[in-house]
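Coordinate inspection notes
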Amino acid sequence: MRLTVIGTGYLGATHAACMAELGHEVLGVDVDPDKVAALRAGRVPFHEPGLPELIAQHTASGRLRFTGDYEEAGAFADVHFVCVGTPQLKGSEGADLTYVDAAFAAIAEHAGPDALLVGKSTVPVGTAGRLADTHTGAEVAWNPEFLREGFAVEDTLRPDRLVFGVRSKRAETILRAVYAPVLAAGTPLVTADLPTAELVKTAANAFLATKISFINAMAEMCEVAGGDVGVLAEAIGHDDRIGRKFLRAGIGFGGGCLPKDIRAFAHRADELGVSLAFLREVDAINMRRRDKVVELARELCGGSVLGARIAVLGAAFKPDSDDIRDSPALNVAARLRLDGADVTVHDPEAMDNARKVFPLLGYALSAEEALQRADLVLHLTEWPQYREIDPVRARSTVSRPRIVDGRGVLDADRWTAAGWQFRALGRPGSV
Ligand code: NAD
């Protein structure tokens, strides 16, 4: 089939490449000429494992092309996936739908009468229906996306489930044809109406955020009561109804999705006269964990970080990504710098992005370099290589052997045995 993918950021570039991998002829469309130029040259302008190979392979074969021209897009295909951003509005919790509205308007103007416009962006419930009622010349469907950055290719080719929000059997048949190889592999399909499909995505993100903040609230309890949240999580995780995943206490979630999606969800609920106020508490718990790391840093530095050399391991909001949107690690790093600390950040992939947004932080080319003469080390993004750091060798590099494990994955016994003052969130001795 011939498809277009409108918006070629983290979601759209991955979707376009994976659709080509499934055998379709794909035209990616973006309003950012630099992005189009990079992708045309087979270069992916962000870090995502496996994606550069797919883009290179399919741009070389000609099955995947990129353009900035909506007229070309309208003429190229009858199925158009819209993957543009839906960031948080400035000065509001709500989602900014400017890009979604602009993309639908532009493709609707050029699409043929049989076109199916398929939204993949995460939107407040009611958006798809509104767009369907506005652009009556084409049909609108919603196919929310659940991919995780760092696993985006795998999640797109082998998703846990597909959700088709449709108003007609015809739209469902077209989407079934698009995803035929994925469905043939046994992927569960949920067909729904438009509002349900939109809600599935925001509900899933709200649930995940709540689970993370739940265990982080338990970490807060452990800190004041002298408990160990690691042991607590293991014990409750044995209960199948609770499960072990997403139960690791730490500095909390960030990124371009969870924080803005729960805020937009609570905001939309208010508009519709329903209260999802608990999501504001989920958000508040999450932000308090960042405060806690800053507080621990002050405490370990003797009450003030002024003039302290602090090494921050990690800048991306999660490992295997260079995405720094709402990154807890950079938030903490920037606050410590404002408090007068001399902060040096290392990240295997996100340094260029971090430098653009936080030019006043110091940057080291390796973790070893960041650690040199540090008075305090903060482990804030869970890159696997940071777990490989040898505490004995690291001790000879730093000025003072003090570390905060903001991700709850380092081996406390090993670090303590090597002479480090070791702190982790929600664990004994951490307050
Ligand atoms: P992004 O900012 O990386 O990409 C958005 C792209 O859309 C940019 O390249 C931008 O230039 C382009 N764009 C903006 N307006 C356009 C227009 N009118 N026409 C064509 N292109 C336009 O954002 P993202 O992370 O890919 O997220 C996109 C959507 O997918 C959001 O709604 C997000 O919530 C959702 N989502 C993201 C992820 C993820 O892990 N990143 C996962 C699931 C869902």
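Residues numbered from 1 in each chain as written. Predicted model: local features only at pLDDT ≥ 70, side-chain atom pairs only at ≥ 80, totals over all residues.

Concerning the overall build of the protein chain
Along the protein chain, the regular secondary structure elements total 19 helices and 14 strands. Its C-alpha radius of gyration of 23 Å places the protein chain within 12% of the 22 Å reference for a compact globule of 431 residues. For the C-alpha atoms alone, the extent of the protein chain along its principal axes is close to 70 × 45 × 40 Å. Among the 431 residues that make up the protein chain, the fraction classed as buried is 50%. Relative to all contacts within the protein chain whose residues are 6 or more apart in sequence, the contacts with residues 24 or more apart total 69%. (Helix = DSSP H or I, 4+ residues; strand = E, 2+ residues; numbered from the N terminus. Rg over C-alpha atoms; globule rule 2.2 N^0.38 Å. Buried ≥ 20, exposed ≤ 12 C-beta atoms within 10 Å, placed from the backbone. Contact = placed C-beta atoms within 7 Å.)

Some remarks on the sheet that holds strand β14 (residues 421–424)
Here we have six strands laid out as an open sheet, ordered β11-β10-β9-β12-β13-β14, and parallel in their pairing. Only two strands of the sheet have a single partner each, and these edge strands are β11 (362–363) and β14. Helix-sheet contacts for helix α13 (residues 278–300) involve β9 (309–313), β12 (376–379), β13 (402–405) and β14, and the interaxial angle to β13 is about 165°. This element, helix α14 (residues 328–338), spans β9, β10 (342–346) and β12 of the sheet and lies at about 160° to β10. (Pairing = 2+ DSSP bridges. Axes fitted to C-alpha atoms, helices over the stretch in contact; angles between N-to-C directions.)

Regarding the domain arrangement of the protein chain
The accessible area lost on association of the parts is a frequent measure of interface size. As far as domains go, the protein chain holds domain 1 (2–192) and domain 2 (193–431). Between the C-alpha centres of domain 1 and domain 2 the distance comes to 31 Å. Across the contact, 28 residues belong to domain 1 and 26 residues belong to domain 2. Here the side of domain 1 that touches domain 2 gets four residues from one element, more than from any other, and that element is helix α6 (residues 127–134). (Domains from an automatic or database assignment.)

A short note on the UniProt feature "active site" (unreviewed entry) in the protein chain
The UniProt entry lists C257 under the feature "active site" (unreviewed entry), expressed in the numbering used here. Residue contacts for C257: discarding those within four places in its chain leaves T122 and N205. (UniProt positions renumbered as here; feature names shortened; annotations may be inferred.)

Some points on the site of the ligand
In the neighbourhood of the ligand, 27 residues make up the surrounding shell, with G7, G9, L11, S121 and T122 lying closest. Listing elements by their share of the shell around the ligand, those giving two or more residues are α1 (10–21) and α5 (98–110). Looking at the shell around the ligand residue by residue, the classes come out as 13 nonpolar, nine polar and five charged. (Near = placed C-beta within 6 Å. Nonpolar A, V, L, I, M, F, W, Y, C, P; charged D, E, K, R; others polar.)

Here's the deal with the pairing of β13
Neither face of β13 is exposed, since R402 and V404 on one face and I403 and D405 on the opposite face are all buried. Inspection of the sheet shows β12 paired to β13 by three bridges, in the parallel sense. Residue pairing for β13: L378 is matched across the bridge by V404. The sheet contact formed by β13 and β14 spans four bridges and is parallel. When the bridges of β14 are listed, R402 appears paired with Q421. Crossover connection from β13 via helix α19 (residues 412–417) to parallel β14: handedness right-handed. (Right-handed = clockwise from strand over helix to strand, strands pointing away.)

Description of the nonpolar core
With 129 residues, the main nonpolar core has I6, V82, L117, A297, I310, V312 and L378 as its most contacted residues. Among the elements that make up this core, the one with the highest residue count is helix α10 (residues 194–225) (nine residues). Shared between two domains, this core holds at least three residues of each, these being domain 1 (2–192) and domain 2 (193–431). Discounting chain neighbours no more than four positions away, the residues touching L378 are V293, A297, I310, V312, L313, V332, V404 and G406. (Core = buried A, V, L, I, M, F, W, Y, C linked by C-beta atoms within 7 Å.)

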